[in-house]
Amino acid sequence: MGRVEHVLMRKPQGKMLLNQWHLVMVFVLLHGVKGTKVKLNNSGFEDLVIAINPGVPEDNKIIDNIKAMVEEASPYLFDATKQRFYFKTVKVLIPLTWTAKPEYQRAAKESYEKADVLVADPFLKYGDEPYTLQYGGCGEPGRYIHFTPNFLRNDSLLRAYGSRGRVFVHEWAHLRWGVFDEYNNDVPFYPAGKNEAEATRCSSDFTGKYIVRNDKGQIRKCNIEPHTQLYEAGCEFIPDLEQTTPASIMYMQSLHSVTQFCDKSNHNIRAPNMQNKMCNYRSTWEVIMDSPDFASSSPRSAPPPQPTISLLQAQERVLCLVLDVSGSMNGFNRIDRLRQAAELFILQIIETGSWVGIVTFNNRASTEAGLQHITGDSVRQTLISFLPATANGGTNICSGVRAGFQVFLQKYSSTEGCEILLLTDGEDSGVSSCFAEVQSSGSIIHTIALGPDAAKELEMLAKSTGGLTFSATDSLDSNSLIDAFSGISSGSGNINQQSIQLESKGQNLSPSRWMYGTVSIDKTVGNDTFFVVTWSLSLNVPRIILTDPEGKTYSETDFVVDNTNIRTARLKIPGTAKAGDWVYKILNTHTEAQGLSITVTTRAASVTMPPVTVKSYVNRETNSYPSPMVIYAEVTQGFLPVVGANVTAIIESASGKSVELELFDDGSGPDTLKHDGIYSRYFTSFKENGRHNIKLRVQGKDNAVRRVNRKSHALYVSGYVENGEIKLNPVRHRPNEDKIQANVGNFSRAASGGSFVMNGLPPGNPPDVFPPCKITDLEVEHHEDDELLLSWTAPGNDYDIGKAEGYEIKMSENPLELRDATFPNATSLNISGLIPEDAGVKQSFQYKPENLQKENTTSIYFAIRAIDDSNNVGETSNIAAVVLLPENTASHSSSEKQTLPSIVMTTLLLLLIMKIIIVVP
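It should be emphasised that the depicted structure is a prediction, and the values quoted were computed from it without experimental measurement. (Residues numbered from 1 in each chain as written. Predicted model: local features only at pLDDT ≥ 70, side-chain atom pairs only at ≥ 80, totals over all residues. Heavy atoms only, no water.)

1. Thoughts on the side chain of R732
Mapping R732 onto the fold places it in the loop between strand 43 (725–728) and helix 15 (737–740). One polar contact links R732 to E129, side chain to side chain, over a distance of 2.5 Å. Apart from residues no more than four positions distant in its own chain, R732 is found in contact with E129, Y161, H713 and Y716. (Helix = DSSP H or I, 4+ residues; strand = E, 2+ residues; numbered from the N terminus. Polar contact = N/O pair within 3.5 Å; in protein donor to acceptor, adjacent residues only side chain to side chain. Contact = heavy atoms within 4.5 Å.)

Okay, structure coming up:
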């Protein structure tokens, strides 16, 4: 099935002009994928955050070993990068649950959710492999590094992984510079000649022995399989402990000789690893040299100073709602919608134990409620009684911000680390007057821009303080304001305390029309479950029918309608909500059309079973035409990826135009790795400049959704050859795949993805400037009649939307000739008759080689790119390799085929020569 883009609704273009959106951002995200605060200052990385999960039991050894790890990693990184980079300042974030100590400073803008390194137990205890979660392609930063507490405590793991400082540098290269591993546990060997095979590694100069060990621990030399020219199943490469080669850190940093990254001089282009696949056979050092870090740095003559390591402790959450009540809030029912959304935030979202205050502002600010400690429902009810009901006057944003600071100072001596949730719908020419105060305050400001005219400086306020940005429209078909409030969680890492949104749906209904839906509540959630219905006009409650999985029915009479907000009906399910499908129907009983919405929130059902969660990210938060946006959704349970879900992003512009976009986890388009729980898609359907908000809807249905293991992690070395003797390490703990891959069951999730700003879109109907996307999953396998079968996922006309016009396929014996710059000069394949399919459809092409050389292990490489009907040319694909083996190695028929995970390997009888087809994953 092809991929389809749906336009949900169209409204008249707002009055926004292009030049109104020319923002000068004071804070720029590194490649936009993640809100990293790490800065590079005179070759030193500053403000790196290592955060310990609140669920980790207190253990000072973890802190001590983190310090030792960083202190060892800094000079090692400095030498590995040819005296360019080191770790200058590092912050260790200690949970609030640990005992307070005098040496622990108060955390300010640091949080677990935004940390660069996470220390947390894995779900189901599936192992201690360090890894880095990478979203993007070659050269794009990752999301975070994950270390388990056991990895940081257990010194017995050091022999298998290497010292912690060396492992940290290996993972840092993933995180910061977007390079990939140079080993491949799924494809550990490649043929190197007649009866010869080599371990997948970089460089190829590493020496060692190839052994097989049986269940009793006995070992013998590996045998070459004659029909594959690869080592037999179960073979392991055991490296010599003493080596002479210095490269590479992305292969086996545990070896004492390894002090460098592979560069152009020693890069192994024959190794079937992710670095070659993702980076088109460029070495890791070449990728690092192309980074912004490298361009803005130069070698230091002096050795680096020892890192400064600060210990910070997370604090109780302190937040003030700073709400606009200017006259414009009377329009579009904004003041009532504000009350609905803020009430939901106070009653259902903000975590127990937090401190909350309320400030309103127009021309001047007013403190409605000082900080209240959220200890129970009575405090929440008291707070919502202070929410504003009327609006008038002008807009003075700075007055509201300053009043918020004063609310904090009534209880605390400093505003550092306190949060402001700032909502406004108006412009304010004087907002820049408090920028200096905001910067010096140490507070975090989250902003919600309501309507198309909200101050353009809001993003500057949020990004300069490490806050979140949201936007909400006046569309009656949107629940975006409630979504924005629901998206502001504490970021503490304590998922059991955080509210999880299961449903968010809005619709403008004509009289006597119904809104239908189903909410799947799974066994991982169900505590503190609320069904909330809001409406825009009627004084009467709409007709509500809610049926639980056992057939029990709730009506509008079971919902609570409080006196402070007459257009909200709320039902709290007692205890833990029953798992299964909850079906709702809502009828507009008003005499006129009105907007109705339903929001369902819940919390985790158990402290021992993490719930399925959804996080959204974009590749950049301020975009300039014609660059595409990439929208990512990370679906996990604990740290385990959840695959097989239906994930949809809804992108809404400020004037209410919405586009629905299905996201995929299929390893094509912007999706780096198939089935890693990261769903993604390009977005190019820009209709106007300005703010756009994102909502994610995730549905798991029909027993199709399961957990899977992480596919990329640090190499566990099986053992070493020491003075000619093989000394094996303990067998690596392998997770119980049956437990990991258990079906997740039916579930529903809805999440706000924040907002981004679009600039530079020309008026009218701009020309087609979007090329087809890069093909990233080119594979080769054998076919009948001695032909090769190339296969790939079809790109679109505009990245991964629509249908391309044509293809170019090239081949070469040198993979470097198939990169973008030299691709046109490589040998072309005759592809007459090959017609592109719709984006997302699997395509193939049969090719029969002629005049092949019968040389020893001859390699041939293939690449493809697409062209659209406006002659926009896509990037060159990944490069697929074909290894041709000598004639006398053939011993099996051409119908036999061997398949390994993430790579296609087949045997082929071609011109009486047996050949192995190898496709890099």
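Back to the text.
2. What about helix 11 (residues 397–409)?
Owing to its 3.6 residues per turn, the α-helix aligns residues three or four sequence positions apart on the same side. For helix 11, spanning 13 residues, the distance from its first C-alpha to its last is 19 Å, which sits close to the expected 18 Å at 1.5 Å a residue. Those residues of helix 11 not exposed but buried are I397, C398, S399, G400, V401, A403, G404, F405, V407 and F408. Check the buried side of helix 11 and you find it contacts strand 19 (318–324), strand 20 (355–361), strand 21 (365–373), strand 22 (419–424), helix 12 (435–441) and strand 23 (444–450). (Expected span 1.5 Å × (residues − 1). Buried < 20%, exposed > 50% of the residue type's maximum accessible area, 1.4 Å probe, protein only.)

3. Quick notes on the state of the cysteines
Enumeration according to the criterion identifies 4 disulfides in this entry. Here C138 engages in a disulfide with C279; their sulfurs sit 2.1 Å apart. In this structure the cystine formed by C138 and C279 twists about its S-S bond by roughly 105°; its chirality is therefore right-handed. Of this pair, C138 sits in the loop between strand 9 (131–133) and strand 10 (144–147) while C279 sits in the loop between helix 6 (274–278) and helix 7 (284–289), placing them 141 residues apart in sequence. (Disulfide = S-S within 2.5 Å.)

4. Structural notes on the confidence of the model for the chain
Averaged over every residue, the pLDDT of the chain is 89; the share at 70 or more is 90%. Residue range residues 1–35 is modelled with pLDDT below 50. Its contacts to residues more than four positions away, or to other chains, number 102 contacts. Long-range and interchain partners of residues 890–921, a stretch whose pLDDT sits below 50, account for 109 contacts in this model, where long-range means more than four residues apart. (pLDDT = per-residue confidence, 0-100.)

5. Section: the pairing of strand 46 (residues 787–793)
Of all the 7 residues making up strand 46, 7 are buried; the element is thus mostly covered by neighbouring parts of the structure. Bridging between strand 46 and strand 49 (residues 842–847) involves 6 bridges; their strand directions are antiparallel. Counted as the bridge partner of W792 is Q843 from strand 49. (Pairing = 2+ DSSP bridges.)

6. A closer look at the sheet that holds strand 2 (residues 39–41)
Overall, mixed pairing links the 3 strands, which are arranged 2-3-5 in an open sheet. Two strands lie at the open edges of the sheet, namely strand 2 and strand 5 (86–87), each paired on one side alone. Across the face of the sheet, helix 4 (residues 164–177) comes into contact with strand 2, strand 3 (44–46) and strand 5 while running at roughly 75° to strand 3. (Axes fitted to C-alpha atoms, helices over the stretch in contact; angles between N-to-C directions.)

7. Examining the pairing of strand 42 (residues 719–722)
With burial as the criterion, each face of strand 42 is covered, one bearing G719 and V721 and the other bearing Y720 and E722. Sheet analysis places strand 42 next to strand 43, joined by 4 bridges and oriented antiparallel. When the bridges of strand 43 are listed, G719 appears paired with L728. Between the end of strand 42 and the start of strand 43, which pair antiparallel, lie 2 residues, with N723 showing a positive phi angle near 55°.

8. Considerations on the packing of helix 1 (residues 60–80) against helix 4
Where helix 1 meets helix 4, the axes come as close as 8 Å, and the angle between the chain directions of the two elements is 70°. In this view, helix 1 runs roughly perpendicular relative to helix 4, as classed from their interaxial angle. In this structure, the crossing between helix 1 and helix 4 has a hand that is right-handed. Residues N65, M69, V70, E72, A73, Y76 and L77 of helix 1 lie in contact with helix 4, whose contacting residues are R164, G165, R166, F168, V169, W172 and W177. Tallied by class, residues from the contact of helix 1 with helix 4 come to 9 nonpolar, 2 polar and 3 charged. (Parallel < 35°, antiparallel > 145°, perpendicular 65-115°, else oblique. Left-handed = near helix turned anticlockwise from the far one by under 90°. Nonpolar A, V, L, I, M, F, W, Y, C, P; charged D, E, K, R; others polar.)

9. Remarks on the nonpolar core
In this structure, F87 and F168 are the most contacted members of the largest nonpolar core, which totals 74 residues. For this core, the leading source of residues is helix 1, giving 9 residues. When neighbours within four sequence positions are excluded, F87 is seen to be in contact with F45, L48, V70, A73, S74, L77, F168, W172 and P307. The next biggest cluster of nonpolar side chains, apart from the first, holds 54 residues, and it includes L93, L133, A649 and F770. (Core = buried A, V, L, I, M, F, W, Y, C linked by side-chain atoms within 4.5 Å.)

10. Here we look at unusual backbone geometry
The residue after C202, namely S203, is reached through a cis peptide bond having omega 10°. You can see S203 is positioned in the loop between strand 12 (196–199) and strand 13 (208–213). Cis rather than trans, the peptide bond between Y625 and P626 has omega equal to 10°. Residue position: P626 is located in the loop between strand 34 (622–624) and strand 35 (629–637). Its identity as a non-glycine residue notwithstanding, Y281 has a phi of 65°, on the positive side. With respect to the secondary-structure elements, Y281 resides in the loop between helix 6 and helix 7.

11. Let's talk about the sheet that holds strand 17 (residues 236–239)
The 3 strands lie next to each other as 14-13-17, forming an open sheet whose pairing is antiparallel. Each edge of the open sheet carries a strand with a single partner, namely strand 14 (219–221) and strand 17. Each strand of the sheet is rotated relative to its neighbour by a mean of 50°, with strand direction disregarded. As judged from the 3 bridges shared by strand 13 and strand 14, these two strands associate in the antiparallel manner.

12. Some thoughts on the packing of aromatic side chains
The full count for this structure, using the stated rule, is 36 aromatic pairs. Between F45 and F87, the aromatic rings sit 6.1 Å apart at their centres with planes inclined by 40°, giving tilted as the arrangement. Linking F45 in strand 3 with F87 in strand 5, this pair joins segments that are 42 residues apart in sequence. Given the relative accessible area of 1%, F87 is considered buried. Ring geometry for Y847 versus F862: centroids 6.1 Å apart, planes at 70°, classification edge-to-face. Pair noted here: Y847 is in strand 49 and F862 is in strand 50 (residues 858–867), with a separation of 15 residues, a long-range link. Taken together, the ring pairs in this structure connect F45, F85, F87, F147, F151, Y161, F168, W172, W177 and Y716 into an aromatic cluster. A cation over an aromatic ring shows up here: K411 above the ring of Y412, its NZ or CZ 5.2 Å from the ring centre. The cationic tip of K810 hangs over the ring face of F823; the distance from NZ or CZ to the ring centre is 5.9 Å. (Phe/Tyr/Trp six-rings, centres within 6.5 Å; stacked < 30°, edge-to-face > 60°. Lys NZ or Arg CZ within 6 Å of the ring centre and 35° of its normal.)

13. A short note on helix 4
Relative to the 20 Å expected for 14 residues at 1.5 Å per residue, helix 4 spans 19 Å between its end C-alpha atoms, a close match to the ideal helical length. For helix 4, a buried count of 14 out of 14 residues is recorded, marking the element as mostly surrounded by other parts of the structure. Residue G178 follows helix 4 closely and has a positive phi angle near 65°.

14. Quick look at the pattern of salt bridges
A complete count under the given rule lists 38 salt bridges for this structure. Linking K91 and E110 is a salt bridge whose minimum nitrogen-to-oxygen distance equals 2.8 Å. Here the residue K91 occupies a position in strand 6 (residues 89–94), and E110 occupies one in the loop between strand 7 (105–106) and strand 8 (117–119), the gap between them amounting to 19 residues. Among the ionic pairs, K463 bridges to E621, the shortest N-O distance being 2.4 Å. Here K463, found in helix 13 (residues 458–465), pairs with E621, found in the loop between strand 33 (612–618) and strand 34; they are 158 residues apart in sequence, far enough to count as distant. Here the residues in one salt-bridge network are K39, D47, K91 and E110, joined through shared partners. (Salt bridge = Lys/Arg side-chain N within 4 Å of Asp/Glu carboxyl O.)

15. Section: the packing of helix 9 (residues 334–349) against helix 10 (residues 377–384)
It is the contact of helix 9 with helix 10, at a shortest axis distance of 9 Å, that shows an interaxial angle of 170°. With respect to helix 10, the axis of helix 9 lies roughly antiparallel. Contacts from E343, I346, L347 and Q348 in helix 9 reach R380, Q381, L383 and I384 in helix 10. Per-class residue counts for the contact of helix 9 with helix 10 are 4 nonpolar, 2 polar and 2 charged.

16. Some words on the environment of L347
In this structure, L347 sits in helix 9. When the C-alpha atoms of L347 and F530 are compared, they prove to be 9.7 Å apart, with 183 residues separating the residues in sequence.

17. A short note on the environment of E787
Along the polypeptide, E787 turns up in strand 46. With a relative accessible area of 19%, E787 lands in the buried category. C-alpha separation for the pair E787 and Y847, spaced 60 residues apart in sequence, amounts to 5.5 Å.

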